[in-house]
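One-letter residues, chain by chain:
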Amino acid sequence: MKYLITFFSLVAILFMACQQPPKDHPATNDTTKDTVAKDSLKPAESGYADVDGLKMYYEVYGSGKPLVLLHGSFMNIPLNWAQVIPVLAKDRKIIVAEMQGHGRTKDIPRKFSYEAMADDVSGLLKHLKVDSADVLGYSMGGGIAFQFAVRHPEQLRRLVILSGTYAHNGWWPDVEASFATMNAEMFKGSPIEKEYLRYGNDSTQFPAYIKKVLSIDAVPYDWSKEVKNIKAPIFMAIGDADGVRYEHALELFRAKGGGKMGDIHGLPQSRLAILPGTTHIGMMTHANLWMPMVKSFLDDDLNAPPPMF
């Protein structure tokens, strides 16, 4: 238990240290001001989309081919993406949203599920009149992204998964077992609790919020068959010290044409990366490692022949 409390305190501290706005950027409940850490970068559009009974908060940055970013559990736009948006928005349209019960998207009487939140993302793209987009999901957002690809393939061009799983046993066994032991007491006084409260949520509902977010992984799930049949190219990245099993990522990569020598058989359209010295949290603090890979994956001709001497 002591280890888990330390771990989740570290999660909160690391995210806040790496992603929080500068000191001269005061905390506010104004939806148009509390955006990314770079004061010089403001969203071209922000607001709420009415999707399936949910008022889903979103922001749009930059211009070009659309890329949707889906955050992890307990996160919001500034926490998860403050350092990422300014880089990726230089040459593409970045669409970021806050999932059910997170940030400025208030909870509704609906259970948390990857499927429902994937449908929310689909509704958001329709609201924005975006026919199809590239989708990048981190951790919980990776599960949402997988379900988006399965349920709404016509809206997807390419898929990027960072430290996400498509089956409950994709996590290392001790990580999966830890989900059942987590509770609000572990987050008491943490930046995650403070973020929850500063958006006007009732402090007495914080334990219920933590329990509801965790409920998404309380029931075993396995989308292996559906995910392996996704037609869109997939780039999956995990850390070498992540919570996601190497075999889990390798199994999907093999199903998507990997596991062969590209000089003989040609390159698969999908890609896999295992980042050195990178933990689950470190996937975001080491964004400088994966962002060039993601940009290459999204921009390259994936039908090009392998390089020759």
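Residues numbered from 1 in each chain as written. Predicted model: local features only at pLDDT ≥ 70, side-chain atom pairs only at ≥ 80, totals over all residues. Heavy atoms only, no water.

A. Expanded view of the pattern of salt bridges. One pass over the full model with this rule turns up 15 salt bridges. Between Arg104 and Glu59 there is a salt bridge, with its nearest N and O atoms 3.8 Å apart. Of this pair, Arg104 sits in the loop between strand E4 (93-97) and helix H4 (114-127) while Glu59 sits in strand E2 (residues 54-61), placing them 45 residues apart in sequence. Here Arg104 falls in the buried class, since its relative accessible area comes to 4%. The partner of Glu195 in a salt bridge is Arg198, and the shortest N-O contact between them spans 2.6 Å. With Glu195 and Arg198 both in helix H7 (residues 191-198), this residue pair falls three residues apart, about one helical turn. Judged by relative accessible area, Glu195 falls into the buried class, the value being 8%. (Salt bridge = Lys/Arg side-chain N within 4 Å of Asp/Glu carboxyl O. Helix = DSSP H or I, 4+ residues; strand = E, 2+ residues; numbered from the N terminus. Buried < 20%, exposed > 50% of the residue type's maximum accessible area, 1.4 Å probe, protein only.)

B. Structural context of empty space enclosed by the protein. In the structure shown here, the tally under the stated rule is two cavities of 30 Å³ or more. Looking at the largest cavity, its volume works out to about 100 Å³. Considering the residues around the largest cavity, the lining is formed by 13 residues, among which Phe74, Gly103, Glu195, Tyr196 and Tyr209 are closest to the centre. For the lining of the largest cavity, the element with the highest residue contribution is H7, accounting for three residues. Classifying every residue of the lining of the largest cavity by side-chain character gives seven nonpolar, five polar and one charged. Reported here for the second largest cavity is a volume of approximately 40 Å³. Surrounding the second largest cavity, Ile234, Met236, Leu252, Phe253, Lys256, Ser270, Arg271 and Leu272 form its lining. Secondary structure elements with two or more residues in the lining of the second largest cavity: strand E7 (234-241), helix H10 (246-255) and strand E8 (271-279). (1 Å grid on protein atoms, 1.4 Å probe; cavity = no way out; pocket = protein on both sides within 12 Å on 5 of 7 lines; lining within 4 Å. Points joined across faces, edges and corners; volume = space filled by probe spheres on them. Nonpolar A, V, L, I, M, F, W, Y, C, P; charged D, E, K, R; others polar.)

C. Region of interest: the sheet that holds strand E1 (residues 45-51). The strand order E1-E2-E4-E3-E5-E6-E7-E8 describes an open sheet built from eight strands, whose pairing is mixed. Looking at the sheet topology across the chains shown, the edges are occupied by E1 and E8. Mean inter-strand twist for the sheet, computed between neighbouring axes without regard to direction, equals 20°. Two strands pair when backbone bridges link them, and strand E5 (residues 133-138) and strand E6 (residues 156-162) are joined in this way by five bridges, in the parallel orientation. For Tyr138, the partnering residue across the bridge sits in E6 and is Leu162. (Pairing = 2+ DSSP bridges. Axes fitted to C-alpha atoms, helices over the stretch in contact; angles between N-to-C directions.)

D. Examining the pairing of E6 more closely. By the criterion of burial, E6 is predominantly enclosed, with six of the seven residues buried. Handedness of the crossover is the feature at issue here: the chain leaves E5, passes through helix H5 (residues 140-151), returns alongside E6, and the resulting connection is right-handed. In this sheet, E7 lies alongside E6 in parallel orientation, the contact comprising four bridges. Opposite Leu162, over in E7, you have Ala237 as the bridge partner. (Right-handed = clockwise from strand over helix to strand, strands pointing away.)

E. Structural view of the packing of aromatic side chains. Across all of its chains, the model carries 13 aromatic pairs by this definition. Seen from their ring centres, Tyr114 and Tyr221 are 5.6 Å apart, and the 55° between their planes marks the pair as tilted. Placement of the pair is Tyr114 in helix H4 and Tyr221 in the loop between helix H8 (206-214) and helix H9 (224-228), with a sequence separation of 107 residues. Of the two residues examined, Tyr114 and Tyr221, each falls in the buried class. Their ring planes at 85° and their centres at 5.7 Å tell us that Phe146 and Tyr166 sit as a pair that is edge-to-face. Residue Phe146 is located in helix H5, and its partner Tyr166 is located in the loop between E6 and helix H6 (173-178); the two are separated by 20 residues in the primary sequence. (Phe/Tyr/Trp six-rings, centres within 6.5 Å; stacked < 30°, edge-to-face > 60°.)

F. Spotlight on H10. Taken residue by residue, H10 has His248, Ala249, Leu252 and Phe253 as its buried positions. Projection of H10 onto a plane perpendicular to its axis shows the buried side chains occupying an angular sector of 130°, all on one side. Residues of H10 that are buried make contact with H5, H9, E7 and E8. Remark: Gly257 follows H10 within two positions and exhibits a positive phi of approximately 105°. (Arc of directions from axis to C-beta. Contact = heavy atoms within 4.5 Å.)

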